[in-house]
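The primary structure of each chain is shown beneath.
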Amino acid sequence: MSTTRSAPQFERLTRLDAHMKTDDLLPVARLLAYLTDRVTLRFTEDGLRVETLSDTNVIAFDATIPVAYDTDTEPVTFAVDTDQFLDAVSFIHDPGSVKVQIRRDDPEIAVSAGSYLDYVDALEPDDPETIAPHPDVEYATTATVEAHELKRAVATVFGSGDGAVYVTLTGDTFWATVPGVEAVGTASLSDTEGPHTFTRLSDGLFGSILQRIHPDETLRVSTREEFPFHIEADHYALTIVPRQFPADEYDPLDEGVAVDA
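Just so it is clear, the structure is predicted and the values come from calculations on it, not from any experiment.

### Describing the overall build of the protein
A tally of helices and strands in the protein yields 4 helices and 18 strands. By residue count, 51% of the 261 residues in the protein fall in the buried class. Restricting the contact set of the protein to residue pairs at least 6 apart, pairs at least 24 apart contribute 72%. Total accessible area on the protein stands at roughly 12400 Å², and carbon and sulfur atoms take up 45% of it.

Structure below.
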């Protein structure tokens, strides 16, 4: 494994021992590895904080993973190669807690769980000014949905049109539709707030994101016409920018799809 220069924040650090639940860490690591080649991680009093934009600048990601510390330390910030980070943690299932250990005199981060031990290079962090949280949007409609139902709904219409999938939130149903295609994907919604609204996304992008979300997650989804589609889980949030397709007259709410929902 290559050795890299220790991040400058490590100069103030004697040692950091941080414990995270595997079930909290893995969903975040899997999404990060899909979104960006490298990411800046911040250990703070509130936990492990991650804010980043995807390499294509169409997905914003914001996560805070709860952390139990064995040591007292000032906040520490460093970057990691996301594939290397995922490789270090993806096969940890038992025990259910992952320990991350950082020492001032070592440019590698130790990741351990039971008898398992791996190392991740500590890279220079990005400038905090370049790390953007999700867009500040006032969403019109929000609702709760089970991830396995949402995944199934989008899979029903995946690849069936010109790459656009319309996602609609109604009183009790999430609809995934494509202009000119009879197939319709649905999922049950609960705790819906707001009017019927829809937005249109890239089905390849949306489908790829959903593949990396665990089916047992309970998600809070939000939308507003022609605005980003927002997904919140227990410890992370994703915001997907709408895809700009050629102007058309298609409105899923006018097509009879969700009129009676």
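### Digging into the nonpolar core
Membership of the largest hydrophobic core comes to 65 residues, with the highest contact counts inside it found for Phe43, Phe61, Phe174, Phe206, Ile213, Tyr236 and Leu238. With 7 residues, helix H1 (residues 22-35) is the single largest residue contributor to this core.

### Describing the layout of surface pockets
If you add up the space inside the largest pocket, you get close to 310 Å³. Along its surface, the largest pocket is lined by 15 residues, and Asp23, Asp24, Pro27, His214 and Glu217 are the ones closest to its centre. Ranked by residue count, the leading element in the lining of the largest pocket is H1, at 6 residues.

### Details of the sheet that holds strand E2 (residues 38-44)
In space, the 9 strands of this open sheet follow the order E6-E2-E3-E4-E18-E17-E16-E10-E14, with antiparallel pairing throughout. Sheet topology places strand E6 (76-81) and strand E14 (190-193) at the edges, where each strand pairs with a single neighbour. The mean angle between the axes of side-by-side strands here comes to 20°, regardless of whether they run parallel or antiparallel. Alignment of strand E4 (residues 59-65) against strand E18 (residues 236-240), held across 5 bridges, turns out to be antiparallel. In the strand pairing of E18, Ala63 is matched with Tyr236. In the packing of helix H2 (residues 82-89) onto the sheet, contacts are made with E2 and E6, and the angle to E6 comes to roughly 95°. Here helix H3 (residues 147-157) sits on the sheet in contact with strand E10 (141-146) and strand E16 (218-223), set at roughly 100° to E10.

### As for empty space enclosed by the protein
As enumerated under the stated definition, the model contains 1 cavity of 30 Å³ or more in all. In this structure, the largest cavity spans a volume of roughly 40 Å³. Taken together, Leu41, Phe43, Leu48, Phe78, Phe85, Val100, Ile109 and Val111 form the lining of the largest cavity. Looking at the lining of the largest cavity, the elements with two or more residues in it are E2 and strand E8 (108-113). By residue class, the composition of the lining of the largest cavity is 8 nonpolar, no polar and no charged.

### Overview of H1
Helix length check: H1, at 14 residues, gives a terminal C-alpha distance of 20 Å against a target of 20 Å (1.5 Å per residue), a fit within 8%. The complete set of buried residues in H1 reads Thr22, Asp24, Leu25, Leu26, Pro27, Val28, Ala29, Leu31, Leu32 and Leu35.

### What about H3?
Considered for burial, the residues of H3 that qualify are Ala147, Glu149, Leu150, Ala153, Val154 and Val157. In a view along the axis of H3, the buried residues occupy a sector of 165°, so they form one face of it. Buried residues belonging to H3 abut E10, strand E11 (164-169), strand E12 (173-177), strand E13 (185-188), helix H4 (203-211) and E16. Positive backbone phi, at 75°, marks Gly159, one or two positions downstream of H3.

### Brief notes about the packing of H1 against H2
Angle between the axes and distance between the axes: these two values describe a pair of packed helices. At a closest axis distance of 9 Å, the pairing of H1 and H2 adopts a crossing angle of 150°. The angle between H1 and H2 falls in the class roughly antiparallel. Handedness of the crossing formed by H1 with H2: left-handed. On the side of H1, the interface is formed by Leu25, Leu26, Ala29, Arg30, Leu32 and Ala33, while H2 contributes Thr82, Asp83, Phe85, Leu86 and Val89. Residues that form the contact of H1 with H2 fall into these classes: 8 nonpolar, 1 polar and 2 charged.

The rules behind these values
Residues numbered from 1 in each chain as written. Predicted model: local features only at pLDDT ≥ 70, side-chain atom pairs only at ≥ 80, totals over all residues. Heavy atoms only, no water. Helix = DSSP H or I, 4+ residues; strand = E, 2+ residues; numbered from the N terminus. Buried < 20%, exposed > 50% of the residue type's maximum accessible area, 1.4 Å probe, protein only. Contact = heavy atoms within 4.5 Å. Areas by Shrake-Rupley, 256 points an atom, 1.4 Å probe, with all protein chains shown as cover. Core = buried A, V, L, I, M, F, W, Y, C linked by side-chain atoms within 4.5 Å. 1 Å grid on protein atoms, 1.4 Å probe; cavity = no way out; pocket = protein on both sides within 12 Å on 5 of 7 lines; lining within 4 Å. Points joined across faces, edges and corners; volume = space filled by probe spheres on them. Pairing = 2+ DSSP bridges. Axes fitted to C-alpha atoms, helices over the stretch in contact; angles between N-to-C directions. Nonpolar A, V, L, I, M, F, W, Y, C, P; charged D, E, K, R; others polar. Expected span 1.5 Å × (residues − 1). Arc of directions from axis to C-beta. Parallel < 35°, antiparallel > 145°, perpendicular 65-115°, else oblique. Left-handed = near helix turned anticlockwise from the far one by under 90°.

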